[in-house]
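Chains, contacts and geometry: an overview
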Amino acid sequence: MNTKFRKNIFAFTFLLSACGLTAMSSKVYGLYHDGPKAGLNISGRAERIVRSDYAVLELTLSVSGDDCEELFKKLNNQLKELKQFWIQMGVKSHMIHVDNRSHIKISDAKQNNCSMQYIIVLTMNDLDMAPVVQNKTNIFMKKGFVFSAQSLKFFYSKGFELQKELTKEALKDGEKTARENAAVLGLRIEKTPFYIANTSLSTAQTHDHPFPFQRSWEGYGSTDIENKFSVEVHMSYAIKKDDQKRAKAQESSQEDGAESNGQDDAQG
């Protein structure tokens, strides 16, 4: 590879990296079974704003006192009252999930003070109804109900299908970018990449533009109904052998010329 050609690659790589676009280098991402090859390392990317399709309200119902048997009765009575209220609001009974394993904590062994908890999870397909259910449920605190923890999150059930679609788009984006960058450098690359990395689906709240890929979508949900989903694919395209041979020949020719000039200067 001649000096001019090498400088062009380094300069172009620096420019792309500085602009936050596709990165290029003379090394390959990951491992390649036939050993390292000179090529273009490209990042293809695709993204889409998606609206969640179900909401999950999680509540921790707590009671405390000095009689565990009475606490258990009180906890179940409160749970029964809450279930009736939610069903009246339109929440289906099969969407109400309760961890019946009561969580008991002893706060003072001498006075036998303890607390008992149930974790309740409500799943709702009506996203507009979910915050209404949460707000109206909190009214029960005026009746002495204690919710020691609660959260409302939104989820998208078709994440795997979306990942496949975005991966296809990201691969096409990477191929287009690779050919455009190769043309700028005066190179020709193979039709298909010889290395493609594994992909993952990531998401970010739509207003988090400074850090759009900072959170991975692993089923933890989001506090926003709409989120930006994205897939990034790292791939490597090999430079065609004719171009590599020509570059090596030019480099060898220049090195021979430099040695010849050096000898002439020494003789002079």
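Keep in mind it's a predicted model, so treat the numbers as computed, not measured. (Residues numbered from 1 in each chain as written. Predicted model: local features only at pLDDT ≥ 70, side-chain atom pairs only at ≥ 80, totals over all residues. Heavy atoms only, no water.)

1. A word on the pattern of salt bridges
Selection criterion: Put simply, a salt bridge is a Lys or Arg side-chain nitrogen that is within 4 Å of an Asp or Glu carboxyl oxygen. Strands here mean DSSP runs of E at least two residues long; helices mean DSSP runs of H or I at least four residues long; both are numbered from the N terminus. Relative accessibility decides the category of a residue: with a 1.4 Å probe and only protein chains considered, values under 20% of the type maximum give buried, values over 50% give exposed, and everything between is partly exposed.
Across all of its chains, the model carries five salt bridges by this definition. Of the charged contacts in the structure, one is a salt bridge between Glu 175 and Arg 179, with a shortest N-O distance of 3.8 Å. In this pair, Glu 175 and Arg 179 are both assigned in helix H4 (residues 159-184), four residues apart and thus about one turn of the helix distant. By relative accessible area, which is 33% here, Glu 175 ends up partly exposed. Several salt bridges share partner residues, and in doing so they unite Arg 48, Glu 165 and Glu 169 into one network.

2. Focus on the nonpolar core
Applicable threshold: As used in this record, nonpolar core signifies buried Ala, Val, Leu, Ile, Met, Phe, Trp, Tyr and Cys residues forming a set joined through side-chain atoms within 4.5 Å. Contacts are assigned to residue pairs with any non-hydrogen atoms lying within 4.5 Å of each other.
Ranked by size, the top nonpolar core spans 29 residues in total, and within it Leu 82, Trp 86, Val 91, Ile 120, Leu 122, Met 124 and Val 133 carry the most contacts. Excluding its chain neighbours within four sequence positions, the residues that come into contact with Met 124 are Tyr 54, Ala 55, Leu 57, Val 91, Met 95, Met 129, Ala 130 and Val 133. Core analysis: the next-biggest nonpolar cluster, separate from the first, contains 20 residues, Leu 185, Phe 229, Val 231 and Met 235 among them.

3. Concerning helix H3 (residues 129-137)
Residues that lie three or four places apart on an α-helix share one face, since the helix turns once every 3.6 residues. Short version of the rule: Directions drawn from the helix axis to the C-beta atoms are what define this arc.
Among all positions of H3, only Met 129, Ala 130, Val 133, Gln 134 and Thr 137 are buried. For H3, the angular spread of the buried residues around the axis is 140°, confining them to a single face. Packed against the buried residues of H3 are strand E2 (54-65), helix H2 (68-89), strand E4 (113-124) and strand E5 (146-155).

4. Remarks on H4
The condition that has to hold: Take the number of residues in a helix, subtract one, and multiply by 1.5 Å to get its expected span.
Under the 1.5 Å per step criterion, the end-to-end length of H4 is 37 Å for 26 residues, consistent within 8% with the ideal 38 Å. Following H4 by one or two positions, Gly 186 adopts a phi angle in the positive range, close to 70°.

5. Quick look at the environment of Phe 147
Note on placement: Phe 147 falls in strand E5. Residue classification places Phe 147 among the buried positions, given a relative accessible area of 10%. A sequence separation of 28 residues divides Phe 147 from Ile 119, and the C-alpha atoms of the two residues are 9.7 Å apart. Every residue in contact with Phe 147, bar those within four places of it in the chain, is listed here: Leu 59, Thr 60, Leu 61, Leu 82, Thr 137, Asn 138, Phe 140 and Met 141.

6. As for the pairing of strand E9 (residues 226-238)
How we decide: The pairing criterion for strands is at least two bridges between them, as found by DSSP.
Of all 13 residues making up E9, 10 are buried, and the element is well covered by its neighbours. In terms of strand pairing, strand E1 (residues 39-51) meets E9 through 13 bridges, oriented antiparallel. Among the inter-strand pairings, Gly 39 is bridged to a residue of E9, identified as Ala 238. In terms of strand pairing, strand E6 (residues 195-196) meets E9 through two bridges, oriented antiparallel. Each bridged residue has a counterpart across the sheet, and for Ile 196 the counterpart in E9 is Met 235.

7. A word on the state of the cysteines
Stated precisely, the cut-off is as follows: Two cysteine sulfurs form a disulfide in these notes if their separation is within 2.5 Å.
Applying the stated criterion to the full structure yields zero disulfides. Lacking any disulfide linkage, Cys 68 is separated from the closest cysteine sulfur, that of Cys 114, by 3.2 Å.

8. Considering the packing of aromatic side chains
The criterion, for reference: Only centres within 6.5 Å qualify two rings of Phe, Tyr or Trp (six-membered ring in Trp) as a pair; their planes then separate them into stacked at under 30 degrees, edge-to-face at over 60, and tilted for everything else.
Applying the stated criterion to the full structure yields four aromatic pairs. Measuring from ring centre to ring centre gives 5.1 Å for Phe 140 and Phe 145, while their planes differ by 55°; the resulting arrangement is tilted. Just as Phe 140 is buried, Phe 145 falls in that class too. Both rings, one in Tyr 156 and one in Phe 229, keep their centres 5.9 Å apart while their planes meet at 55°; by these two values the pair is tilted. Of the two residues, Tyr 156 is situated in the loop between E5 and H4 and Phe 229 in strand E9; the sequence distance between them amounts to 73 residues.

9. Points about the confidence of the model for the protein
Here is the rule we go by: Residue-level confidence of the predictor, termed pLDDT, takes values from 0 up to 100.
Considering every residue of the protein, the mean pLDDT works out to 77; 66% of them sit at 70 or more. Taken together, the stretch residues 1-36 has pLDDT below 50 and engages in 58 contacts with residues farther than four places along the chain or on a different chain. Across residues 208-218 the pLDDT falls below 50, and counting only partners more than four positions away or on other chains, this stretch makes 25 contacts in the model.

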